Every structure is written in structure tokens, then in C-alpha cells.
Amino acid sequence: MLEKTYDPAAIEGRRYAEWEESGAFAARPDSSARTFTIMIPPPNVTGSLHMGHALTFTIQDTLIRWRRMQGRDVLWQPGTDHAGIATQMVVERLLAETQTSRRAIGREAFVERVWRWREESGGTITRQLRRLGASLDWPRERFTMDAGLSEAVRRVFVTLHREGLIHRARRLVNWDPKFQSAISDLEVESRAIKGTLWHIRYPMAGEEGKFIIVATTRPETLLGDVAVAVHPADVRYRGLIGRSAILPLVGRRIPVIADEYSDPEKGSGAVKITPAHDFNDFKVGERHGLPMPSVLDREARIRLDEIRENFSPLAGVADQEFLESLAGQDRFAAREAIVQKLSELGLLEKSEPQLHQVPHGDRSGVPIEPLLTWQWFCNAVELAKPAIAAVETGRTEFVPKQWENTFFAWMRNLEPWCISRQLWWGHRIPAWYGPDEKIFVADTAEEAAALAAKSYGRPVELRQDEDVLDTWFSSALWPFSTLGWPEETRELKRYYPTDVLVTGFDIIFFWVARMMMMGHHFMHDVPFRAVYIHGLVRDQHGQKMSKSKGNIVDPLELIDRYGADALRFAIVQLTGPGRDIKLGPARVETARSFVTKIWNAARFCEMNGIRPDPEFRPEAATLPLCRWVLDAANRAIGEATAALAAYRFDEYAAACYRFAWHVFCDWFLEFAKPELAAGGAGAAEVRAAAAQVLGTLLRLLHPATPFASEELWEQLGYGPSGSLIRTRWPEPVAVADADSARAELDWVVRLIGEVRTVRAEMNVPPATPTPILLKDAMPTTLLRAERWREAIGRLARVSEIRALVGAPPRGVAQAVVDEATVILPLAEIVDLAAERARLDRERGKVGREAERLKQKLADQAFVSRAPEEVVEENRERLAAAEAELARLEAALRRIA
């Protein structure tokens, strides 16, 4: 017997353990079934489950469970990422708690310590995924630093280097002065900072008293300026192009150049060019063949070694003693000193406050420095060509399709990919240096030594590169390295390419594109046929979740409070194409109410003797009620299946919800009660049809609500056919004369619904029954009304139903159902004049609010200034007001 209430905590852990122990999640490489494969976006080994994880893994598991029920050989590949910087940070903090550091214990001991931490604490995220219900093939779990994947990483690096697609060069990178490592663009976040724009006078060479004014927010990099750039069309500076200015403090002559990078509308229209410390300046420097001296070291302190030879102690302009005092100073201290010195020399024209975006390391929290350093680079431009072609020709499709434009925009404007990181935790670069710094790239130290001995004619001592590879480099190999590559395993042959990748838009370039590059290059095929891009999870007000706002929603807390099924169903309900999700506890609580509704309906069925009947033949059903609900189940199957095939998770949830709540629970079970109570052949057919339809409903719901559906499947006696997770996805059944059953029952539902609406709008007391008169009703309609008199009376609070003879009485409200006008005489029950006046007042109030919102949204100044979520909230309020206005106008029309 089912418990009175559904208790997720008592069921979820037990059910998941049963699935996992029975091998229900396992792929079947020996099967002849068609495959369906999803590669998990590997979460960081340091991670804990957050709402972004809950979203993406719920979507993936919904697809996986659905395809598994369709009989496909499903592989959902699990694994975690070694997360270079994040993991190194965690272990360094642990070392600091014991008053030591990674440099104190050395590289080898530190790496051993990280491995130990991973064994002890690295499984948190996988345990939490189990709580969510994720049905991953856990015995196949991989780690981006395990032996097999490490071999794949080395093989790819060596191969690409030999093909000339990996090289070492001195280029500008995002440099984190705290971690003292290059970092990727994804690890950089822009923060609005209240800064200052300084206008500095650069004297023109040989023209005493003449200056060109340069505006900058970074005077500390002035020492590395190599030019002043102006726009070629800027008439103010046209006469200065090709001449020289004197670099303040240093005294070096620098050219005034014409370049369209300079914006005449910003600052003074003249910009300082510091190629070693600004990405845009670096490009200008490359275009004009300018020198690139660095004036900041790896800790963002002033260095002078690359500019000392250019000192020119010009009176009133340069000060060598001052410059030497800057050496070793922090960049911000140097900034203050330089500004002060410029002011003393009369070279500071003015300063003004400016709010500007400053890049920061997302983990270190310190401003990032563009720094010119020796790094390893991959030729992403060449590798991108087959990936671009694959999307252009449809071999890989983005869903929604508009994300293809984002993909193309990134892929057609690529820079060399910096793949080296100055860390200790990660895949160490398989490159060794000889006595003269000649580089030998090989799979192993032994192979490198052999190459070096051949090159030098004798054995020599080699030094391995200290750097490790960018985490995204190993992640780019994920779709094939996890399947055993470079070995030609049966899994690799069977499951590559995969079917769909589910991920967020923020890593289309960092991960999706790079997997496509590597997949094409090494597997000669796309890594996935489709890429489903979901939005962000925001709070219930549409605000982005952040610690500073205090609006972060913890999925584990929601699971504790409402159950995993409620969280999953809420996510699926809200996941539509190309839109973010507004999710808060209230929405999950509503989803729990839905799961509870299903549980209560199943309990009602159990109490009324409704059990699976293996002898039941749906095509032989005779009662209109049974044929109607079987036909409705068929339509729900078609809608749910089509929605999942199109990645319309919201429509899948809506189809399940409509059928479960509005057909099965609200109408079918209510209509069935008298038949069940009466007994006999009719009751037997109703019981059998109810069991058939409930079984269909549980199967439809299983991808989104696996725990409750599995529990009910077994408890209600469907279990002998096997666990629900292994049961076939439902298919439509034959229903005799479904059209006539649909027409009859849909009419009854519409009639009861219209009567309920009129009663509610006219404030008829719920306990007071009312008669209804049918005007202009055809004989077939009158016969239907007679057949369903009991249900109409009970569910619509109707005392009698009959055809109208003669003129309608005064004081009525009315509605139209098909050809008939449904009349409710209410003169003796409510004051219709007062109700009309009330409705008219409400219409006026709502109409004024709708007009106010229309004007607000028509104001372009408001739309352009207000945050996106505020504008969207106003649009939603306008839509709600217009819907309410339409309802009130319809209600007024009902009063005759």
C-alpha cells in the first residue's frame, strides 16, 4: 500500500542505489541496438553541485533516460576535469594552513599532495550528481589526468608540434600576477572600476613649447610607450603624423603614427602605444613594426632592463634618478609616483574621473596584466577550418540555430591559442631543452634524449619545460580520449561521433569549438552531431546569481526540501530555446505539488482496485470515457516524443503536465468515480483503462521525475515487466472511434469549464447550485447533456440542465459552447448590476495599468538604460495585464 504522502528522502537514495547496483546505467558495447551517446561536460574535481550543474545535468539525464527507454544503446560518459588553477589553489590553501607552501616542499612533493587530495576529497561532485538522479555509466568514469588521457594529451601535443601546428613564441597573454601564470579569457572577468583618465603632455621633438596630449588610464606603463597613434582622418593631428614626440620621464623619441585604432571621439583622440602591455597596442605594434619593451615583471612590478639603453636625460622632460627609483615598485605605487612626477614637470594637462572596465582574474581577484612572455601556442586558425565547414554544411547543428552565428563570429576571428600555463598541477608539456636551448618534443623523456643525442652527436643533459598545458587542451580531447584513443578500442569505433553535446553558451569557443577542432584533426569526423545550448539559471526575479547579491540558490538545499524530482521537473518546465531560467524555491515547490498530485492520483487508483491488467486490449474499449482517455494518452505520447526530439524540454513538460493534471486527474478520475462505485463490466473496463493510462503516464514522466515514477511503477504492480528505467517508451495504441469519444468528452469538459468560469466571475457562492438552460442546442447536444447529467451536476454545481423554451429569463449570465448558448439564471442568487459595476471598475484599473506599462516600454530611454531583467519584468507585467483585461471584458460580455 502506498504511503499517504510522497517522501522523497525515504525513496531517492534507495532507488538510485538499486539502479546503480543492477547496472541499469551501463552501456552495451556488444549490443546491435542503435547507439545514443552524450559526453558529460566534465565538472571540476574541486567542484560542488550548483544550479548551473543542476540545469545541464537534468537536461542531459532527461535525454539519456528517454533514449534508453526507446531501446537505444546509451552511453553517458562520466568524468571530472583536473582544473589546473582551481585545484592548485585548493591545495596551496591547505599547505598555508600548515605554515608551508608549494615552493617550500618542491614540485614533486606538491604534485603528490594534489593527487592525495584528489583521492580524499575529489569525489564530492560525483556523489552530488547521484543525488540529482544522473544516470551516468559510473564504472567508465574518467579523469583528465588519468594515465590513458595523459597519454592522449602527449600524443596530440607531439603530433601537432611535428605538423607545425604547435610552436613556442613570445606573445602577449592574460597574465595573473598573483598566480604568476597565463590564464584563458574564460578565467578573466571585467569589473567596473572608478578610475582616472590622465591627460599627459608629450613634447614634440624639436618644437619647444608644442605638445601632443595623450589620454590614458594607465600611466604606469608609459615607460614602455613606443609611439603615439592618431586616427588618419583626425584633422587635428594630420600635420603631426610622421614626426616624433618625446616620451616623458624617459626622454626617448617616439613616432606619431596614423592608425584607425585611435578613436577621435575618445579622450584627446591621441593614444599611447605600449605593445608589451595592451592587446590592442600589440596589434598596432605588429602592423607598424614597432619595438615591444616590457616594463612590468611577472609580479606586476616595474622593470627597467629593456628600456635603460633608451634613457635620454632631457632637461624638463626626463629624470633618470627618478626612473631608477621606480625599479621593483608595485604597478599601483608606481602609478602614483609617475603621476606626481609628471605634475611636478608640468606635463600633466588634467585628470578626470572615469568609470571603466578592468579585467580581473576570476579566482585571484587581482587586475590582469597583458604581458609579453614566452609561451606555447596552437595554430587555432588552421584547426578551425574543418570545424567551420562542419557547421556550414550541417554535419554539426546548433540548437537553437542562432548560436551558429556566435560560433562563426569566434571561429573566423581567431588568434593563436596560448596553451601553456605556469602551474605545477596539470599535464606537463612534453618538451625538453638542450644545452643551447634547442627544443626536443617527444612522448617520453627517453625519446627526447634519443632525439637530442642524434642532434648533438652525443648524450646531453636535458631540462623539461616547467609549464603545464591549459586545462582546455586536455578537455578538447574528451569525446575521443575517454573512449580509449589513441588505441582503436571497440568503444571508440562504436560511440564516436557522439549524438549531442549539452552545454552553456559561455564555453562555445573555449570548449565546444576546440573539441570540434581536435575531433576533426584526429578522428576525421565531428565529435557530436548536435550542440544544444541552454541559458543561464537566474533567481526568481531574473537577476544573475552571485554571492555579493546573496541570491544564490543551492540545488542540494532544494533537493533536501522538495526532492530531486521536484527540482528536475521545475528545470525541465522552464527550459525553452534561447532563454534563461528564472528559478527560485517557489517554482520548485510548485513542481513538488505536481509530483504530489501524481502520487495522490496513483494512491486513489490503488484504493479503487486499479492494477495493471495484462489481458486488457485498448482497441476493444467501448465506453466513451475509456476511449477518450486512451486517445488523450496517445496525443500526450506524440507531443512528448516530438518535444524531446526537438530539444523542447518545456513543451515535453507541458505535455506531461496537461495530460497528468488536466486530463487524467481533474477529469478522467472524477468522471470515473460513479462508474467505479457502481461495479460491473463498466467498472472493470474503467479500471483496466485507468491502469493502462497511468502506466503510460509514469513512463512519460520517468525522464524528468525518475524517482517517484519508478517507485509508483513497482508499488502499483507494473514491476513484473521490469524496472521502469528499462521499460520501453510508450507508443500509441489503437482506439475504436476515437473521434466520437473525443468530441463527446471534450464537449462535457468545455461545458463544465464554462459554467465554473461564469460562477467564479459572478461571485456565485460555491455551495449554491444553479440551473443551466441550453439555447439553440441541437438534439445531439441535448442527448449528451442528458447522458452526462450526473457529472455536470456534481462537477459544475448544476441543479438541473434543460433546453430553453421561449425567451430567456431576466438576470442571467451566459457562455457559448459550440452551437449552444449556456444560460445561468442568477437574478435570485447574485446582484448582477453590482457585479457588472465591480467588473467595470476592475477593467478600468487594469486598463490604466496596461496603458502605463505600454508607455513605459515605448520609452527608448527607459529601455536602453534599465537592466535587461527590469525591462523583461515590465514586459511580463504588461502581458499579464493585457490577459487580465481580456478576461474582464469577456466576463462583462457574459452578463445579459
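Everything here concerns the structure above.
Residues numbered from 1 in each chain as written. Predicted model: local features only at pLDDT ≥ 70, side-chain atom pairs only at ≥ 80, totals over all residues. Heavy atoms only, no water.

Enquirer: Explain the overall build of the chain to me, please; I cannot follow it from the model alone.
Expert: Scanning the chain for helices and strands turns up 30 helices and 29 strands. With the principal axes as the frame, the chain shows a C-alpha extent of 110 × 65 × 55 Å. Going through the 896 residues of the chain one by one, you find that 54% of them count as buried. Considering only intrachain contacts with a sequence separation of at least 6, the fraction spanning at least 24 residues in the chain is 78%. Here the chain contributes 116 positively and 124 negatively charged side chains, and the mean placements of these two sets differ by 2 Å. (Helix = DSSP H or I, 4+ residues; strand = E, 2+ residues; numbered from the N terminus. Buried < 20%, exposed > 50% of the residue type's maximum accessible area, 1.4 Å probe, protein only. Contact = heavy atoms within 4.5 Å. Lys, Arg positive; Asp, Glu negative; His and termini not counted. Charge placed at Lys NZ, Arg CZ, Asp CG, Glu CD.)

Enquirer: Quick question: what am I supposed to make of the sheet that holds strand β13 (residues 348-361) here?
Expert: Through backbone hydrogen bonds, the strands of a sheet pair up, either in parallel or in antiparallel fashion. The sheet built from 3 strands is open, its strands ordered β8-β7-β13 with antiparallel pairing. Edge positions in the sheet fall to β8 (211-216) and β13, since each has one partner strand and no second. Taken pair by pair, the neighbouring strands of this sheet meet at an average axis angle of 20°, ignoring direction. One ladder, built from 6 bridges, connects strand β7 (residues 188-203) with β8; its direction is antiparallel. Within the sheet, the bridge partner assigned to Arg201 lies in β8 and is Ile213. (Pairing = 2+ DSSP bridges. Axes fitted to C-alpha atoms, helices over the stretch in contact; angles between N-to-C directions.)

Enquirer: What should I look at first to understand the pairing of β7 in this one?
Expert: Side chains on a regular strand alternate between the two faces of the sheet. The pairing of β7 with β13 spans 13 bridges and is antiparallel. Opposite Thr196, over in β13, you have Pro353 as the bridge partner.

Enquirer: Before we go on, may I ask you to explain the sheet that holds strand β14 (residues 369-378) in this structure?
Expert: On the basis of which strands lie adjacent, the open sheet formed by 4 strands has the order β6-β5-β14-β16 and antiparallel pairing. A single partner strand is all that each edge strand has here, and the edge strands are β6 (181-183) and β16 (417-418). Where β14 meets β16, 2 bridges bridge the pair, whose relative direction is antiparallel. Each residue of the ladder has a partner; that of Cys378, found in β16, is Trp417. The sheet contacts of helix α8 (residues 279-288) involve β5 (166-176) and β14, and relative to β5 the element is tilted by about 145°.

Enquirer: Explanation requested: the nonpolar core in the structure shown.
Expert: Across soluble globular proteins, nonpolar side chains have a tendency to be buried as a group. Ranked by size, the top nonpolar core spans 221 residues in total, and within it Trp628 and Phe671 carry the most contacts. Of all the elements, helix α22 (residues 649-678) adds the most residues to this core, at 15 residues. Among the nonpolar cores identified, the runner-up in size contains 39 residues, and Ile338, Val339, Leu371 and Cys418 belong to it. (Core = buried A, V, L, I, M, F, W, Y, C linked by side-chain atoms within 4.5 Å.)

Enquirer: Explain the pairing of strand β22 (residues 498-504) here, please?
Expert: Counting buried residues in β22 gives 7 out of 7 residues, a clear majority hidden from the surface. Note: β22 against strand β23 (residues 528-534), 6 bridges, orientation parallel. Counted as the bridge partner of Val502 is Tyr532 from β23.

Enquirer: Is there a simple way to think about α22 in this case?
Expert: Structural remark: α-helix, 3.6 residues per turn; residues separated by three or four positions point the same way. Given a rise of 1.5 Å per residue, 30 residues ought to cover 44 Å, and the 41 Å separating the end C-alpha atoms of α22 matches this to within 8%. At Phe664, α22 shows its maximal bend, which comes to roughly 40°. Looking one or two residues past α22, Gly679 carries a phi angle of roughly 75°, positive in sign. (Expected span 1.5 Å × (residues − 1). Bend = angle between axes of the 7 residues up to and from the residue.)

Enquirer: Looking at this structure, I do not really get unusual backbone geometry. What am I missing?
Expert: In terms of backbone geometry, most residues other than glycine have negative phi values and most peptide bonds are trans. Residue Pro400 is reached from Val399 by a cis peptide bond, and omega for that bond is -5°. With an omega dihedral of 0°, the bond running from Tyr496 to Pro497 counts as a cis peptide bond. Here Pro497 lies in the loop between α16 (490-495) and β22.

Enquirer: It is not clear to me how the side chain of Asp297 should be interpreted in this structure. Could you clarify?
Expert: For Asp297, the position within the fold is in the loop between α8 and α9 (320-326). Take Asp297: its relative accessible area is 18%, and that puts it in the buried class. A polar atom in the side chain of Asp297 sits 2.9 Å from the backbone nitrogen of Glu299. The residues touching Asp297, leaving out its near neighbours within four places in the chain, are Arg303 and Leu371. (Polar contact = N/O pair within 3.5 Å; in protein donor to acceptor, adjacent residues only side chain to side chain.)

Enquirer: I'm lost on the side chain of Arg113 in this one. Help?
Expert: Examined against the element boundaries, Arg113 turns out to sit in helix α5 (residues 107-121). Here Arg113 sits buried without a salt bridge, and the closest side chain of opposite charge, Glu120, lies 4.6 Å off (N-O distance). (Salt bridge = Lys/Arg side-chain N within 4 Å of Asp/Glu carboxyl O.)

Enquirer: Before we go on, may I ask you to explain the packing of helix α3 (residues 84-97) against α5 in this structure?
Expert: A pair of packed helices can be characterised by two numbers: the angle between their axes and the separation between those axes. For the pair α3 and α5, the least separation of the axes is 10 Å and the interaxial angle reads 100°. When the axis of α3 is compared with that of α5, the two are roughly perpendicular. Contacts from Thr87, Gln88, Val90, Val91, Glu92, Leu94 and Leu95 in α3 reach Phe110, Arg113, Val114 and Trp117 in α5. Grouping the amino acids of the contact of α3 with α5 by side-chain chemistry returns 7 nonpolar, 2 polar and 2 charged. (Parallel < 35°, antiparallel > 145°, perpendicular 65-115°, else oblique. Nonpolar A, V, L, I, M, F, W, Y, C, P; charged D, E, K, R; others polar.)

Enquirer: I'm lost on the pattern of salt bridges in this one. Help?
Expert: A full pass over the atoms with the stated rule returns 78 salt bridges. Of the charged contacts, one joins Glu189 and Arg191 as a salt bridge, the two residues approaching to 2.8 Å between their closest N and O atoms. Salt-bridge contacts for Lys401 lead to Glu404; the nearest nitrogen and oxygen are separated by 3.2 Å. Judged by relative accessible area, Lys401 falls into the exposed class, the value being 57%. Residue classification places Glu404 among the buried positions, given a relative accessible area of 8%. Taken together, the salt bridges that share partners define one network made up of Arg14, Arg15, Glu18, Glu711 and Glu714.

Enquirer: Sorry if this is basic, but what is going on with the environment of Asp185 here?
Expert: Along the chain, the position of Asp185 falls in the loop between β6 and β7. Of the residues examined, Asp185 reaches a relative accessible area of 51% and is grouped as exposed. Sequence separation between Asp185 and Val749 is 564 residues, and the spatial gap between their C-alpha atoms is 57 Å. The residues contacting Asp185, other than those within four sequence positions of it, are Asn174 and Phe510.

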